[in-house]
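What follows is the residue order along each chain.
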Amino acid sequence: MDLKRWLDRWVPALLIAIAFTASPLVAPAQAALPPGNAVKDPAAILRNALPIEQSDLQELQHRLESTSDDLRAKRWSALVNTVRKSQALLNTRANAIVASLPEAKQAEGQTLIATLQTQMLTLAESSESSDRDVFLDDRRAALSTVGELEALLVGDFPFAIPSEFDALPRLLGRATVEIETTKGTLTAIADGYNAPLTAGAFVDLVKQGFYDGLPFTRAEDFYVLQTGDPKGPETGYIDPKTKTERQVPLEIMVPGETEPFYNATFEDLGRFEATPVLPFATLGTMGWAHSDESLADGSSQFFFFLYEAELTPAGLNLVDGRYSAFGYVVDGFEVLEELGIDDGIVRARLIDGADNLKAHA
(Lines give C-alpha, C1' and ligand atoms only; values in the text may rest on other atoms or scores of the structure.)
Protein backbone atom coordinates (compact mmCIF):
# COMPACT_ATOMS: atom_id res chain seq x y z
CA MET A 1 0.00 0.00 0.00
CA ASP A 2 1.36 3.44 -0.86
CA LEU A 3 -0.28 5.22 2.05
CA LYS A 4 2.42 7.91 1.99
CA ARG A 5 1.49 8.93 -1.55
CA TRP A 6 -2.18 8.95 -0.60
CA LEU A 7 -1.50 11.14 2.44
CA ASP A 8 0.73 13.49 0.46
CA ARG A 9 -2.14 13.98 -1.93
CA TRP A 10 -4.95 14.51 0.55
CA VAL A 11 -3.46 15.97 3.75
CA PRO A 12 -2.69 19.39 2.19
CA ALA A 13 -6.30 19.61 1.08
CA LEU A 14 -7.43 18.64 4.56
CA LEU A 15 -5.28 21.34 6.15
CA ILE A 16 -6.70 23.92 3.76
CA ALA A 17 -10.21 22.76 4.65
CA ILE A 18 -9.43 23.09 8.34
CA ALA A 19 -7.99 26.55 7.83
CA PHE A 20 -11.09 27.74 5.99
CA THR A 21 -13.38 26.15 8.56
CA ALA A 22 -11.58 28.09 11.28
CA SER A 23 -11.52 31.36 9.32
CA PRO A 24 -13.66 34.21 10.67
CA LEU A 25 -14.56 35.06 7.05
CA VAL A 26 -16.76 31.97 6.89
CA ALA A 27 -19.89 32.90 8.84
CA PRO A 28 -21.53 29.48 9.41
CA ALA A 29 -18.33 27.75 10.59
CA GLN A 30 -20.16 25.93 13.37
CA ALA A 31 -22.42 24.26 10.83
CA ALA A 32 -19.40 22.41 9.39
CA LEU A 33 -18.60 20.81 12.73
CA PRO A 34 -20.12 17.44 13.62
CA PRO A 35 -22.55 17.43 16.54
CA GLY A 36 -21.11 16.36 19.86
CA ASN A 37 -17.61 15.18 20.69
CA ALA A 38 -15.94 12.27 18.96
CA VAL A 39 -15.42 9.25 21.20
CA LYS A 40 -11.65 8.85 21.48
CA ASP A 41 -11.34 6.30 24.27
CA PRO A 42 -10.62 2.87 22.71
CA ALA A 43 -12.34 1.08 25.58
CA ALA A 44 -15.49 3.13 25.00
CA ILE A 45 -15.35 2.50 21.24
CA LEU A 46 -15.06 -1.23 21.85
CA ARG A 47 -17.98 -1.19 24.30
CA ASN A 48 -20.12 0.69 21.78
CA ALA A 49 -19.13 -1.77 19.04
CA LEU A 50 -20.52 -4.85 20.78
CA PRO A 51 -23.44 -6.41 18.86
CA ILE A 52 -25.94 -6.06 21.69
CA GLU A 53 -29.13 -4.24 22.59
CA GLN A 54 -29.68 -3.60 26.29
CA SER A 55 -30.95 -0.08 26.79
CA ASP A 56 -30.46 0.09 30.56
CA LEU A 57 -26.81 -0.97 30.52
CA GLN A 58 -26.02 1.13 27.48
CA GLU A 59 -27.74 4.16 29.00
CA LEU A 60 -25.69 3.67 32.18
CA GLN A 61 -22.51 3.36 30.13
CA HIS A 62 -23.20 6.52 28.14
CA ARG A 63 -24.13 8.52 31.21
CA LEU A 64 -20.86 7.63 32.92
CA GLU A 65 -18.86 8.38 29.78
CA SER A 66 -20.62 11.73 29.40
CA THR A 67 -19.18 12.91 32.71
CA SER A 68 -15.96 13.67 30.81
CA ASP A 69 -17.47 16.94 29.58
CA ASP A 70 -18.33 18.10 33.10
CA LEU A 71 -14.97 16.88 34.38
CA ARG A 72 -13.07 18.94 31.81
CA ALA A 73 -15.11 22.04 32.69
CA LYS A 74 -14.86 21.30 36.44
CA ARG A 75 -18.66 21.32 36.74
CA TRP A 76 -18.60 19.13 39.80
CA SER A 77 -22.21 19.69 40.87
CA ALA A 78 -23.47 18.57 37.45
CA LEU A 79 -21.12 15.59 37.56
CA VAL A 80 -22.35 14.56 41.01
CA ASN A 81 -25.92 14.80 39.73
CA THR A 82 -25.14 12.52 36.75
CA VAL A 83 -23.50 9.93 39.00
CA ARG A 84 -26.45 9.94 41.39
CA LYS A 85 -28.92 9.50 38.51
CA SER A 86 -26.75 6.66 37.19
CA GLN A 87 -26.85 5.01 40.62
CA ALA A 88 -30.63 5.27 40.66
CA LEU A 89 -30.87 3.79 37.16
CA LEU A 90 -28.70 0.83 38.16
CA ASN A 91 -30.56 0.13 41.41
CA THR A 92 -33.97 0.41 39.75
CA ARG A 93 -33.13 -1.72 36.72
CA ALA A 94 -30.69 -4.23 38.24
CA ASN A 95 -33.13 -7.14 38.19
CA ALA A 96 -34.21 -6.36 34.62
CA ILE A 97 -30.59 -6.26 33.49
CA VAL A 98 -29.90 -9.68 35.02
CA ALA A 99 -33.10 -11.08 33.51
CA SER A 100 -32.00 -9.90 30.05
CA LEU A 101 -28.88 -12.07 30.20
CA PRO A 102 -28.80 -15.64 28.89
CA GLU A 103 -30.00 -17.94 31.66
CA ALA A 104 -26.63 -19.67 31.92
CA LYS A 105 -24.93 -16.33 32.57
CA GLN A 106 -27.38 -14.80 35.04
CA ALA A 107 -25.52 -15.93 38.17
CA GLU A 108 -22.33 -14.32 36.87
CA GLY A 109 -24.35 -11.26 35.93
CA GLN A 110 -25.81 -10.99 39.44
CA THR A 111 -22.30 -11.01 40.89
CA LEU A 112 -21.19 -8.32 38.46
CA ILE A 113 -24.26 -6.20 39.30
CA ALA A 114 -23.37 -6.36 42.99
CA THR A 115 -19.79 -5.35 42.18
CA LEU A 116 -21.04 -2.48 40.04
CA GLN A 117 -23.38 -1.22 42.77
CA THR A 118 -20.44 -1.07 45.18
CA GLN A 119 -18.33 0.69 42.55
CA MET A 120 -21.08 3.24 41.97
CA LEU A 121 -21.13 4.05 45.70
CA THR A 122 -17.39 4.62 45.56
CA LEU A 123 -17.77 6.71 42.40
CA ALA A 124 -20.38 8.89 44.09
CA GLU A 125 -17.99 9.54 46.96
CA SER A 126 -15.10 10.48 44.65
CA SER A 127 -17.35 12.78 42.63
CA GLU A 128 -18.44 14.57 45.79
CA SER A 129 -14.82 14.97 46.91
CA SER A 130 -13.99 16.70 43.57
CA ASP A 131 -10.82 14.65 43.24
CA ARG A 132 -10.25 14.31 39.48
CA ASP A 133 -7.67 11.50 39.54
CA VAL A 134 -9.56 9.38 42.04
CA PHE A 135 -12.81 9.93 40.13
CA LEU A 136 -11.18 8.81 36.87
CA ASP A 137 -9.86 5.63 38.48
CA ASP A 138 -13.24 4.85 40.04
CA ARG A 139 -15.10 5.55 36.79
CA ARG A 140 -12.70 3.36 34.83
CA ALA A 141 -13.39 0.48 37.23
CA ALA A 142 -17.17 0.94 36.97
CA LEU A 143 -17.10 1.13 33.18
CA SER A 144 -14.96 -1.98 33.04
CA THR A 145 -17.65 -3.86 34.95
CA VAL A 146 -20.33 -2.42 32.66
CA GLY A 147 -18.29 -3.77 29.75
CA GLU A 148 -18.12 -7.22 31.36
CA LEU A 149 -21.91 -7.22 31.76
CA GLU A 150 -22.40 -6.13 28.17
CA ALA A 151 -20.07 -8.88 26.96
CA LEU A 152 -22.34 -11.45 28.66
CA LEU A 153 -25.16 -10.35 26.36
CA VAL A 154 -23.33 -11.28 23.17
CA GLY A 155 -24.90 -14.36 21.67
CA ASP A 156 -24.16 -16.20 18.45
CA PHE A 157 -22.08 -14.45 15.84
CA PRO A 158 -24.47 -11.83 14.43
CA PHE A 159 -24.21 -12.29 10.65
CA ALA A 160 -23.13 -14.65 7.88
CA ILE A 161 -19.87 -13.83 6.11
CA PRO A 162 -20.28 -13.97 2.30
CA SER A 163 -19.45 -17.40 0.91
CA GLU A 164 -16.93 -15.98 -1.56
CA PHE A 165 -14.60 -15.54 1.43
CA ASP A 166 -15.03 -19.07 2.81
CA ALA A 167 -11.34 -19.88 2.43
CA LEU A 168 -10.21 -16.98 4.61
CA PRO A 169 -9.65 -17.17 8.36
CA ARG A 170 -12.15 -15.30 10.49
CA LEU A 171 -12.29 -14.07 14.07
CA LEU A 172 -15.81 -14.72 15.42
CA GLY A 173 -15.48 -12.52 18.48
CA ARG A 174 -12.52 -10.68 19.96
CA ALA A 175 -8.91 -11.48 20.69
CA THR A 176 -6.19 -9.81 22.72
CA VAL A 177 -2.69 -9.57 21.30
CA GLU A 178 0.51 -8.54 23.04
CA ILE A 179 3.01 -6.88 20.71
CA GLU A 180 6.56 -6.61 22.00
CA THR A 181 8.49 -3.91 20.14
CA THR A 182 12.01 -2.58 20.32
CA LYS A 183 10.72 0.28 22.53
CA GLY A 184 8.39 -1.69 24.78
CA THR A 185 5.15 -3.66 24.77
CA LEU A 186 1.72 -2.81 23.42
CA THR A 187 -1.56 -4.59 24.13
CA ALA A 188 -4.26 -4.53 21.46
CA ILE A 189 -7.76 -5.92 21.05
CA ALA A 190 -8.81 -7.17 17.61
CA ASP A 191 -12.57 -6.92 16.99
CA GLY A 192 -14.00 -9.74 14.92
CA TYR A 193 -17.60 -8.73 15.58
CA ASN A 194 -17.24 -5.86 13.12
CA ALA A 195 -14.23 -6.89 11.01
CA PRO A 196 -14.11 -10.72 11.18
CA LEU A 197 -11.98 -11.29 8.05
CA THR A 198 -9.51 -8.49 8.73
CA ALA A 199 -9.15 -9.29 12.41
CA GLY A 200 -9.04 -12.98 11.52
CA ALA A 201 -6.19 -12.52 9.06
CA PHE A 202 -4.24 -10.48 11.61
CA VAL A 203 -4.75 -12.89 14.51
CA ASP A 204 -3.97 -15.87 12.28
CA LEU A 205 -0.64 -14.28 11.31
CA VAL A 206 0.11 -13.43 14.93
CA LYS A 207 -0.52 -17.04 15.87
CA GLN A 208 1.89 -18.16 13.14
CA GLY A 209 4.62 -15.78 14.36
CA PHE A 210 4.54 -13.97 11.02
CA TYR A 211 5.16 -10.52 12.50
CA ASP A 212 8.03 -11.56 14.77
CA GLY A 213 11.19 -9.67 13.82
CA LEU A 214 9.57 -7.45 11.18
CA PRO A 215 10.56 -3.77 11.05
CA PHE A 216 8.32 -0.75 10.77
CA THR A 217 8.58 0.17 7.11
CA ARG A 218 6.81 3.51 7.19
CA ALA A 219 6.54 6.13 9.92
CA GLU A 220 4.60 9.28 9.09
CA ASP A 221 4.45 11.76 11.96
CA PHE A 222 0.89 12.23 13.23
CA TYR A 223 -0.48 9.73 10.67
CA VAL A 224 0.63 6.12 10.55
CA LEU A 225 3.22 3.60 11.67
CA GLN A 226 3.20 0.62 9.33
CA THR A 227 4.60 -2.91 9.42
CA GLY A 228 3.85 -6.40 8.10
CA ASP A 229 5.95 -6.37 4.93
CA PRO A 230 7.71 -9.76 4.97
CA LYS A 231 11.38 -10.18 4.25
CA GLY A 232 12.21 -10.85 0.61
CA PRO A 233 10.50 -9.76 -2.60
CA GLU A 234 6.94 -10.50 -1.47
CA THR A 235 4.72 -7.74 -0.08
CA GLY A 236 2.21 -9.98 1.69
CA TYR A 237 1.58 -13.37 3.22
CA ILE A 238 2.09 -16.36 0.91
CA ASP A 239 -0.26 -19.20 1.81
CA PRO A 240 1.92 -22.35 1.98
CA LYS A 241 -0.96 -24.48 0.66
CA THR A 242 -1.84 -22.43 -2.42
CA LYS A 243 1.61 -20.85 -2.95
CA THR A 244 -0.19 -17.57 -3.66
CA GLU A 245 -0.62 -14.37 -1.70
CA ARG A 246 -3.60 -14.47 0.62
CA GLN A 247 -5.69 -11.36 0.09
CA VAL A 248 -8.27 -9.84 2.41
CA PRO A 249 -11.07 -7.55 1.22
CA LEU A 250 -11.78 -4.05 2.46
CA GLU A 251 -14.28 -4.60 5.27
CA ILE A 252 -16.20 -1.78 6.99
CA MET A 253 -19.20 -2.01 9.31
CA VAL A 254 -21.56 0.98 9.39
CA PRO A 255 -23.95 1.64 12.29
CA GLY A 256 -27.45 0.44 11.53
CA GLU A 257 -26.28 -2.22 9.05
CA THR A 258 -26.53 -5.92 9.84
CA GLU A 259 -23.18 -6.84 8.23
CA PRO A 260 -20.06 -5.10 6.88
CA PHE A 261 -19.67 -3.66 3.41
CA TYR A 262 -16.94 -5.38 1.39
CA ASN A 263 -14.62 -3.78 -1.19
CA ALA A 264 -16.50 -0.48 -1.25
CA THR A 265 -15.38 2.85 0.19
CA PHE A 266 -17.78 5.37 1.68
CA GLU A 267 -17.44 7.35 -1.56
CA ASP A 268 -18.47 4.29 -3.53
CA LEU A 269 -21.48 3.86 -1.27
CA GLY A 270 -22.43 7.53 -1.28
CA ARG A 271 -22.09 7.69 2.51
CA PHE A 272 -19.89 10.73 2.70
CA GLU A 273 -20.85 11.64 6.27
CA ALA A 274 -20.90 8.13 7.71
CA THR A 275 -18.81 7.07 10.68
CA PRO A 276 -17.76 3.41 10.89
CA VAL A 277 -18.53 1.30 13.93
CA LEU A 278 -14.74 1.03 14.30
CA PRO A 279 -13.54 4.58 13.51
CA PHE A 280 -10.01 5.87 13.16
CA ALA A 281 -10.66 8.12 16.13
CA THR A 282 -7.90 7.45 18.63
CA LEU A 283 -4.18 6.87 18.97
CA GLY A 284 -3.46 3.24 18.19
CA THR A 285 -6.40 2.45 15.93
CA MET A 286 -5.21 -0.53 13.85
CA GLY A 287 -5.85 -0.38 10.11
CA TRP A 288 -5.36 -2.91 7.30
CA ALA A 289 -3.24 -1.76 4.37
CA HIS A 290 -4.12 -2.19 0.70
CA SER A 291 -2.60 -0.86 -2.50
CA ASP A 292 -3.69 2.11 -4.60
CA GLU A 293 -4.75 -0.31 -7.33
CA SER A 294 -7.24 -2.45 -5.41
CA LEU A 295 -9.36 -2.41 -2.28
CA ALA A 296 -9.22 -6.20 -2.11
CA ASP A 297 -5.46 -6.86 -2.04
CA GLY A 298 -4.59 -6.29 1.62
CA SER A 299 -2.58 -9.28 2.78
CA SER A 300 -0.43 -8.83 5.88
CA GLN A 301 0.59 -5.19 6.20
CA PHE A 302 -1.17 -3.12 8.82
CA PHE A 303 -0.68 0.26 10.44
CA PHE A 304 -1.21 2.01 13.74
CA PHE A 305 -3.09 5.25 13.28
CA LEU A 306 -1.26 8.04 15.09
CA TYR A 307 -4.22 10.22 16.00
CA GLU A 308 -3.56 13.96 16.06
CA ALA A 309 -6.69 15.99 16.86
CA GLU A 310 -5.54 19.11 14.99
CA LEU A 311 -4.86 17.20 11.79
CA THR A 312 -7.65 14.64 11.97
CA PRO A 313 -10.58 16.40 13.68
CA ALA A 314 -13.91 14.69 14.18
CA GLY A 315 -15.85 14.60 10.93
CA LEU A 316 -12.83 15.33 8.73
CA ASN A 317 -11.01 12.02 8.93
CA LEU A 318 -9.74 10.96 5.50
CA VAL A 319 -8.97 7.40 6.59
CA ASP A 320 -12.45 6.38 7.75
CA GLY A 321 -14.32 4.62 5.00
CA ARG A 322 -11.19 4.02 2.92
CA TYR A 323 -9.35 1.47 5.10
CA SER A 324 -10.53 -1.30 7.41
CA ALA A 325 -10.07 -0.64 11.10
CA PHE A 326 -9.96 -3.93 12.99
CA GLY A 327 -8.81 -3.18 16.52
CA TYR A 328 -7.30 -0.80 19.03
CA VAL A 329 -4.24 -0.49 21.22
CA VAL A 330 -5.57 -0.48 24.78
CA ASP A 331 -2.29 -0.35 26.71
CA GLY A 332 1.20 0.92 25.96
CA PHE A 333 0.35 4.26 24.35
CA GLU A 334 3.57 5.81 25.60
CA VAL A 335 5.48 3.08 23.75
CA LEU A 336 3.52 3.66 20.55
CA GLU A 337 4.37 7.36 20.63
CA GLU A 338 8.09 6.54 20.80
CA LEU A 339 8.20 4.11 17.86
CA GLY A 340 9.69 5.11 14.51
CA ILE A 341 11.23 3.85 11.30
CA ASP A 342 14.25 2.45 13.11
CA ASP A 343 12.13 0.21 15.31
CA GLY A 344 10.29 -3.05 14.81
CA ILE A 345 8.25 -5.87 16.29
CA VAL A 346 10.25 -8.29 18.42
CA ARG A 347 7.35 -10.68 18.97
CA ALA A 348 3.56 -10.69 18.74
CA ARG A 349 1.56 -13.29 20.62
CA LEU A 350 -2.08 -14.13 21.16
CA ILE A 351 -2.95 -13.94 24.86
CA ASP A 352 -6.75 -14.28 24.76
CA GLY A 353 -9.49 -15.21 22.30
CA ALA A 354 -7.80 -18.10 20.49
CA ASP A 355 -11.08 -20.03 20.50
CA ASN A 356 -12.69 -17.30 18.41
CA LEU A 357 -10.27 -17.82 15.50
CA LYS A 358 -11.47 -20.15 12.76
CA ALA A 359 -9.20 -21.20 9.89
CA HIS A 360 -12.03 -20.96 7.34
CA ALA A 361 -15.81 -21.19 7.02
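Residues numbered from 1 in each chain as written. Predicted model: local features only at pLDDT ≥ 70, side-chain atom pairs only at ≥ 80, totals over all residues. Heavy atoms only, no water.

A.B. asks: A description of the nonpolar core should follow, citing residues and the corresponding values.
C.D. replies: Of all hydrophobic cores here, the largest spans 60 residues; its most connected members are Ile179, Phe202, Tyr211, Trp288, Phe302, Phe304 and Leu336. Sort the elements by how many residues they give to this core and helix α7 (residues 196-208) lands first, with seven residues. Setting aside residues no more than four positions away along its own chain, Phe304 makes contact with Ile179, Leu186, Phe216, Tyr223, Val224, Leu225, Gly284, Thr285, Met286, Val329 and Leu336. With 31 residues, the next largest nonpolar core counts Leu60, Leu71, Val83 and Leu143 among its residues. (Core = buried A, V, L, I, M, F, W, Y, C linked by side-chain atoms within 4.5 Å. Buried < 20%, exposed > 50% of the residue type's maximum accessible area, 1.4 Å probe, protein only. Helix = DSSP H or I, 4+ residues; strand = E, 2+ residues; numbered from the N terminus. Contact = heavy atoms within 4.5 Å.)

A.B. asks: Give me the lowdown on helix α5 (residues 106-128), citing residues and values where you can.
C.D. replies: Compared with the 33 Å implied by 1.5 Å per residue over 23 residues, the 33 Å span of α5 between its first and last C-alpha is a close match. Those residues of α5 that fall on the buried side of the exposure criterion are Gly109, Leu112, Ile113, Leu116, Gln119, Met120, Leu123, Ala124, Ser126 and Ser127. The secondary structure elements touched by the buried residues of α5 are α3 (55-73), α4 (76-99) and α6 (132-152). (Expected span 1.5 Å × (residues − 1).)

A.B. asks: So what's going on with the side chain of Ser127? Residues and values would help.
C.D. replies: Along the chain, Ser127 turns up in helix α5. According to the relative accessible area criterion, Ser127 is buried, its value standing at 1%. Ignoring any residue separated from it by four or fewer positions in sequence, one finds Ser127 in contact with Trp76, Leu79, Val80, Val83 and Phe135.

A.B. asks: I'd like a description of the environment of Asp342, backed by residues and values.
C.D. replies: Its place among the elements puts Asp342 in the loop between α9 (333-338) and β11 (345-352). Residues Asp342 and Phe216 lie 126 residues apart in sequence; the distance between their C-alpha atoms is 7.1 Å.

A.B. asks: Quick rundown of the pairing of strand β2 (residues 174-181)? Include the residues and the values.
C.D. replies: Burial runs high along β2: six of the eight residues are buried. In this structure, β2 lies alongside strand β3 (residues 184-191), joined through eight bridges in antiparallel fashion. In the sheet register, Ala175 faces β3, and the bridge partner there is Ala190. In this structure, the hairpin formed by β2 and β3 is closed by a connection of two residues. By the bridge criterion, six bridges tie β2 to β11 in an arrangement that is antiparallel. Among the inter-strand pairings, Glu180 is bridged to a residue of β11, identified as Arg347. (Pairing = 2+ DSSP bridges.)

A.B. asks: An account of the pattern of salt bridges is requested, with residue identities and associated values reported.
C.D. replies: Applying the stated rule across the entire model yields 14 salt bridges. We note a salt bridge from Arg93 to Asp56, for which the minimum N-O separation is 3.0 Å. Taken together, the residues Arg93 in helix α4 and Asp56 in helix α3 connect sequence positions 37 residues apart. Note on Arg93: relative accessible area 34%, which makes it partly exposed. The partner of Arg140 in a salt bridge is Asp137, and the shortest N-O contact between them spans 2.9 Å. One end of the pair is Arg140 and the other is Asp137, both in helix α6 and three residues apart, which spans about a single turn. We classify Arg140 as exposed; its relative accessible area is 52%. (Salt bridge = Lys/Arg side-chain N within 4 Å of Asp/Glu carboxyl O.)

A.B. asks: Break down the sheet that holds β11 for me, citing the residues and quoting the values.
C.D. replies: A sheet is described by the order of its strands in space; here eight strands give the open sequence β4-β5-β9-β8-β10-β3-β2-β11, paired in antiparallel fashion. Single-partner strands in this sheet number two, and they are β4 (218-220) and β11. Looking at each pair of strands side by side, their axes are set apart by 25° on average, direction ignored. In this structure, strand β8 (residues 285-288) lies alongside strand β9 (residues 302-305), joined through four bridges in antiparallel fashion. Each residue of the ladder has a partner; that of Thr285, found in β9, is Phe305. Across the sheet, α7 lies against β2, β3, β8, β9, β10 (324-331) and β11, angled at about 95° from β8, the strand it touches most. (Axes fitted to C-alpha atoms, helices over the stretch in contact; angles between N-to-C directions.)

A.B. asks: Could you give an account of the packing of α3 against α6, with specific residues and numbers?
C.D. replies: One way to put it is that α3 packs onto α6 with a least axis distance of 10 Å and a crossing angle of 160°. Our classification of the angle between α3 and α6 gives roughly antiparallel. Here α3 runs over α6; the crossing is left-handed. Seen from α3, the contacting residues are Leu57, Gln58, Leu60, Gln61, Leu64, Glu65, Thr67, Ser68 and Leu71; seen from α6, they are Arg132, Phe135, Leu136, Arg139, Ala142, Leu143, Val146, Leu149 and Glu150. Here the residues of the contact of α3 with α6 are counted per class, giving ten nonpolar, four polar and four charged. (Parallel < 35°, antiparallel > 145°, perpendicular 65-115°, else oblique. Left-handed = near helix turned anticlockwise from the far one by under 90°. Nonpolar A, V, L, I, M, F, W, Y, C, P; charged D, E, K, R; others polar.)

A.B. asks: Describe unusual backbone geometry, with residues and values.
C.D. replies: For Lys74, which is not a glycine, the phi torsion comes out positive at approximately 60°. Examined against the element boundaries, Lys74 turns out to sit in the loop between α3 and α4. Positive phi values are uncommon outside glycine, yet Ser130 reaches one of about 60°. Along the chain, Ser130 falls in the loop between α5 and α6.

That's the geometry; what it means functionally is another story.
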